[in-house]
Amino acid sequence: MNSPSDSIDDIISLLNKHYRPNSNQEQQSQQYQRPKPSIGNVMLPQIKQQLNVLSAIPNTYNNNQDKFKRKAASLNRQQQPKQQIKDTNLFQIPMTRYLTFKPYSGSTDIIINDVGYYYKFGSSPIKLVKGLLEENGFKESNDKNWTMYWSSCAIKSEIYTNLFAYQKVCHFPKSYEMTRKDLMHRNISKMQINHGFINFNFIPKTYILPAEMSYFLEEHEKIKNNNPVYICKPHASSQGKGIFITDKIQDILNKQNSNNSYVVSHYIDKPLLINNLKFDLRIYVAISCINPLRIYIYQDGLARFATEAYNSDSVKQNRFVHLTNYSVNKDSPNFIANQDPTLDYLGSKWSLLALREYLKLNKINEQQIFERIEDLIIKTIISVESAIFQACEMNVPFRSNCFSLFGFDVLVDSLLKPWLLEVNFSPSLNIDAPLDLKIKGEMLADLFTLIGIVPLDQRFSQDLSYVRNQSNYDFKKHQQEFEKYIIKETEEELKRSRGWKRLYPSDSSSKYTKYFESDRPLNALLRNYYK
Ligand code: ADP
């Protein structure tokens with residue numbers, strides 16, 4: 001494998017030797033443009049039908065329907081988050097080429113010529129990932145010669161330890177510290193204690209039972225006259241399975257006899273409603289690198305609606321009122337499937353962009369909601385940064401090997417405060433409607449472009465990303481050159497970010513420094529660079 005060279009000049013001359021400007025690079029340097037969505041003047045019969053169904057529900061939406069329809073038609077999907085890109089030519093290090101991905105079209109018969117790129121699944125294949133990679137020239141690999149490893153499950157440590165520098169795996173080790181319901185609460189609670197409750201007050205108060213039963217009962221005793229309502233979830237479950245909502249302490253005590261561990265949270269009983277329906281947000285978040293830490297949020301996502309009108313006094317067992325999971329509500333007779341991705345504000349699942357537009361039209365300060373969401377994302381990731389960083393140092397050979405896609409589930413209450421409900425380790429990439437294909441397909445193509453997949457002819461070139469985590473490379477001796485390389489790598493990644501908006505580092509990174517367990521030199525470097 002590549003061993004670090006002694007001198008930066010050697011590395012740069014090798015980089016120059018391998019570097020050939022090509023059309024791929026030109027394509028990357030152009031401003032990314034999405035195709036314009038268009039809504040014709042003709043209203044399709046199925047949409048007409050949906051509007052009729054919607055108008056049967058008394059709501060604020062219908063009062064605004066015409067206005068909203070017009071506005072949605074003029075939505076500009078090309079809006080790019082404003083990001084500060086600095087001129088890296090200054091460093092005299094040539095730009096690295098990476099593969100650019102186009103979204104999956106949904107085609108089932110793709111003919112792939114073997115051009116040398118391979119993917120491997122560590123779990124059962126996911127149609128969207130497979131289709132996208134194959135349409136972009138990847139073939140399935142049966143041996144170790146793969147570039148992209150995708151798995152819905154945790155990745156075994158022997159996969160990490162044997163990685164080559166050009167290989168990418170879709171999870172960081174120890175990400176479960178953030179994605180297991182009980183561990184996420186433990187980690188955020190720790191931050192509340194160490195850094196002030198007020199700064200990490202974005203998760204509902206939660207108890208892990210049976211371990212915290214006596215604490216839970218003590219706390220309940222103090223507030224029982226207010227009739228608190230709790231939502232109880234199995235600690236390692238998903239899709240609303242095993243969840244119940246109750247104001248009877250006995251229901252929770254009964255669970256004590258089962259062998260399973262439960263997380264019990266205060267129920268947020270005044271959610272923000274649209275059309276009288278409760279909804280939550282699926283926000284896509286990516287970590288492209290842990291050292292230095294780089295976090296991105298996707299500009300689009302999903303809003304998922306409950307299917308029966310909300311009333312905090314209604315029977316708590318009615319899952320169609322209180323749970324917003326797609327997997328629950330798709331079985332409701334009121335569920336409306338979205339048929340047309342250009343009309344992404346119709347049905348039981350909306351696009352995040354359509355939701356934001358709707359909030360704006362209804363004079364709701366959506367910008368403030370999303371600033372708070374961005375803040376809670378950064379803080380949640382910082383709460384597990386140390387665990388992931390250390391696991392990578394021990395098990396992962398190269399800084400460039402891992403990336404992660406997370407699904408942050410957020411509920412907004414009637415005071416416009418966002419609450420983090422959970423972080424999904426493997427957010428659903430199922431395509432149940434054309435809207436899923438559009439949003440998830442573009443998001444994934446942009447993610448694969450962002451993380452930087454190295455072209456074949458650069459695989460074995462010398463490059464500072466090829467310095468092993470555990471090597472005896474003398475960073476002190478080459479500090480200046482290494483720092484230049486990190487800035488170049490970070491700026492180039494930003495140029496490939498397309499629909500991803502970088503949250504960290506940013507010009508306001510410094511306000512988060514105090515929350516890190518340790519101020520890593522590379523985070524400090526970028527913090528100062530963007531100041
Ligand atoms: P799962 O992983 O099983 O989907 P979640 O934590 O996402 O579990 O909860 C499922 C649904 O329950 C959420 O989508 C949301 O609608 C509702 N929910 C979860 N926690 C709360 C809470 N504390 N207050 C109000 N509603 C909640």
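Higher on the page you've got the structure.
Cut-offs applied
Residues numbered from 1 in each chain as written. Predicted model: local features only at pLDDT ≥ 70, side-chain atom pairs only at ≥ 80, totals over all residues. Heavy atoms only, no water. Helix = DSSP H or I, 4+ residues; strand = E, 2+ residues; numbered from the N terminus. Buried < 20%, exposed > 50% of the residue type's maximum accessible area, 1.4 Å probe, protein only. Contact = heavy atoms within 4.5 Å. Areas by Shrake-Rupley, 256 points an atom, 1.4 Å probe, with all protein chains shown as cover. Pairing = 2+ DSSP bridges. Axes fitted to C-alpha atoms, helices over the stretch in contact; angles between N-to-C directions. Core = buried A, V, L, I, M, F, W, Y, C linked by side-chain atoms within 4.5 Å. Parallel < 35°, antiparallel > 145°, perpendicular 65-115°, else oblique. Nonpolar A, V, L, I, M, F, W, Y, C, P; charged D, E, K, R; others polar.

Before we go on, may I ask you to explain the overall build of the chain in this structure?
Looking only at helices and strands, one finds 18 helices and 16 strands in the chain. The buried share of the chain, reckoned over its 531 residues, is 55%. Across the chain, contacts joining residues at least 24 apart in sequence account for 74% of those joining residues at least 6 apart. Total accessible area on the chain stands at roughly 23800 Å², and carbon and sulfur atoms take up 49% of it.

In this structure, what is going on with the sheet that holds strand E7 (residues 244-246)? I would like to understand it.
Hydrogen bonding along the main chain pairs the strands of a sheet, whether they run parallel or antiparallel. One open sheet accounts for 4 strands, arranged E5-E8-E6-E7; its pairing is antiparallel. What marks the edges here is a single partner per strand, and that holds for strand E5 (206-209) and E7. Shown here is a sheet whose adjacent strand axes are inclined to one another by a mean of 25°, direction ignored. As paired strands, strand E6 (residues 230-234) and E7 are joined by 3 bridges and run antiparallel to one another.

How should I be thinking about helix H6 (residues 127-135) in this particular structure?
Side chains that are three or four residues apart share a direction in an α-helix, a result of its 3.6 residues per turn. With respect to burial, H6 is a largely interior element, 7 of its 9 residues being buried. Its buried side turned inward, H6 meets strand E1 (117-121), strand E2 (138-140), strand E3 (148-150) and helix H16 (434-451). At the exit of H6 stands Gly-137, carrying a positive phi of roughly 95°.

Teacher, can you tell me more about the side chain of Gln-192 here?
Relative to the elements of secondary structure, Gln-192 occurs in helix H9 (residues 181-195). Setting aside its immediate chain neighbours within four residues, Gln-192 contacts Phe-197, Phe-200, Asn-201 and Ile-203.

What is the right way to look at the nonpolar core in this model?
In globular proteins that are soluble, nonpolar side chains generally tend to be buried together. By size, the foremost hydrophobic cluster in this structure holds 64 residues, and its most contacted members are Leu-281, Ile-283, Leu-355, Ile-377, Ile-381, Phe-408 and Leu-420. Examining the composition of this core, we find that 12 residues originate from one element, helix H15 (residues 366-395), more than from any other. Residues Tyr-117, Ala-286, Leu-302 and Leu-429 belong to the second largest nonpolar core, which totals 34 residues.

When you look at the sheet that holds E3 in this model, what are you seeing that I'm missing?
Read from one edge to the other, the open sheet built from 4 strands follows the order E2-E1-E3-E4, with strand pairing classed as parallel. Each edge of the open sheet is held by one strand with a lone partner, namely E2 and strand E4 (168-169). In this sheet, E4 lies alongside E3 in parallel orientation, the contact comprising 2 bridges. The residue bridging Met-148 from the neighbouring strand is Lys-168, located in E4.

What am I meant to see in the packing of helix H14 (residues 352-361) against H15 here?
Packed helices, taken two at a time, are described by their axes: the angle between them and the distance between them. Where H14 meets H15, the axes come as close as 9 Å, and the angle between the chain directions of the two elements is 135°. Classed by the angle they form, the pair H14 and H15 counts as oblique. Contacts from Leu-352, Arg-356, Leu-359 and Lys-360 in H14 reach Glu-366, Gln-367, Ile-369 and Phe-370 in H15. By residue class, the composition of the contact of H14 with H15 is 4 nonpolar, 1 polar and 3 charged.

I would appreciate a short explanation of the pairing of strand E10 (residues 277-290) in the present structure.
Each regular strand shows side chains that alternate between the opposite faces of the sheet. The buried fraction of E10 amounts to 14 of the 14 residues, a majority that puts the element mostly inside the structure. In this structure, strand E9 (residues 273-274) lies alongside E10, joined through 2 bridges in antiparallel fashion. In the sheet register, Leu-273 faces E10, and the bridge partner there is Lys-278. Connecting the antiparallel pair E9 and E10 is a turn made up of 2 residues, with Asn-275 showing a positive phi of about 55°. Strand direction decides the pairing type here: E10 and strand E12 (residues 302-305), joined by 4 bridges, are antiparallel. Opposite Leu-281, over in E12, you have Ala-303 as the bridge partner. Across 7 bridges, E10 lies against strand E14 (residues 404-412) in antiparallel orientation. Along E14, the bridge assignment pairs Arg-282 with Asp-409. Where E10 lies against strand E11 (residues 293-298), 5 bridges are found, and the strand directions are antiparallel. Pairing of Val-285 across the sheet is with Ile-297, part of E11.

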